[in-house]
Amino acid sequence: MSRACAKVRTGPGPGPADARRRALMLALACGGVLRGAAVAATAAPKVPILVYHRFSTQVRDTMTVRISTFEAHLALLQRMACHVIPLSAWVAWRLAWDAGDPVPLQPRTVVLTADDGHRSQFDVMAPLLRERGWPMTLFVYPSAISNADYAMTWTQLQQLADEPLFSVQSHTYWHPNLLRDQANMPPAAFRRFAADQLARSRDTLALRLGRPVTLLAWPFGLSDAGLQRQAREAGYLAACSLGNRAATPGDALFALPRQLIVDSVDAGRLATRLDAAFDDGAAS
Ligand SMILES: [Zn+2]
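Fair warning: this is a prediction, and the values are worked out from it, not measured in the lab.

This next bit is on helix α6 (residues 154–161). Buried residues of α6: Leu157, Leu160 and Ala161, and no others. Down the axis of α6, the buried side of the element spans an arc of 100 degrees, and every buried residue falls inside it. Turning to α6, the residues buried within the fold contact α5 (119–132), β6 (136–140), β7 (166–170) and α8 (187–209).

Here is the structure:
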């Protein structure tokens, strides 16, 4: 993806239809979705959206993936000739699909994401992705940055945000369990709390990093219809949840399933998952 492409972002609000379409097409082209006449339009393609957290030489907790495991995943994606595109490009593709104006999507498209702003994403993950030129979306909650001992600093996050390969997006402000909080708060107070989490995260990231924030990942993958409506009203274009299956155009745009990757998902298991999504029997 070129540096010029990295400057193309879909905006948070509605605009003139032709301008919005131009932005979508640019985002799709920059994301590698449109490439070559041989690409055929596919009916309801399934796209695995993988989510990682932390990386280390050893498995220290359930969310840690060993570096060797991650390297094996990347080698597998390469061997399977997967097309790794930015999440924003898939969302742009999806919006075009929803508008009844579908465009071709590369076969074997995969999206990579990582949550929580762990420092190993900067130290370990980013260099391995740079080697292959593969993009990744980082979902970050700003209260941890330059604060929690495991988290990246604002300087590190800025460095990634300034690279075309990496996009930093919202994971709410302090990663609350929104469904639990909702059960413990009066409805109006909870709506104000949720609105603050959605807006403060977006605005803090946009102000600190100088980049628009249009995508959201729900903390713990938890949301409901009311929260999804609030996210849309707050100006987000889409939101991610968790779910062990690939994303399709039929999925709720504000609860997109992401496949949680832990260390026990070795290359063989990941190949099985990808094969199920692509459904063309070409894994391994
Ligand atoms: Zn998280």
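Resuming the write-up.
Between its terminal C-alpha atoms helix α3 (residues 67–79) stretches 18 Å, which fits the 18 Å expected from 13 residues at 1.5 Å a residue. Residues Thr69, His73 and Leu77 constitute the buried set of α3. Buried residues of α3 fall within an arc of 80 degrees about the axis and therefore sit on the same side. For α3, the exposed residues lying more than 90 degrees away from the buried face are Ser68, Ala75, Gln78 and Arg79. Tucked into the core, α3 has its buried residues touching β3 (64–66), β4 (83–84), β5 (109–115) and α10 (267–278). Immediately downstream of α3, the backbone of alanine 81 shows phi near 55 degrees, a positive value.

Before going further, it helps to examine the pairing of strand β1 (residues 49–52). Burial of the side chains of β1 extends over both faces: Ile49 and Val51 are buried on one face and Leu50 and Tyr52 on the other. Summarising the sheet, β1 and β5 pair through four bridges and their orientation is parallel. When the sheet's bridge partners are listed, tyrosine 52 is paired in β5 with alanine 114. Note that β1 and strand β10 (residues 259–260) share two bridges and pair parallel. Paired with valine 51 across the bridge in β10 is leucine 260.

Reading the values: rules and limits
- Residues numbered from 1 in each chain as written.
- Predicted model: local features only at pLDDT ≥ 70, side-chain atom pairs only at ≥ 80, totals over all residues.
- Buried ≥ 20, exposed ≤ 12 C-beta atoms within 10 Å, placed from the backbone.
- Helix = DSSP H or I, 4+ residues; strand = E, 2+ residues; numbered from the N terminus.
- Arc of directions from axis to C-beta.
- Contact = placed C-beta atoms within 7 Å.
- Expected span 1.5 Å × (residues − 1).
- Pairing = 2+ DSSP bridges.

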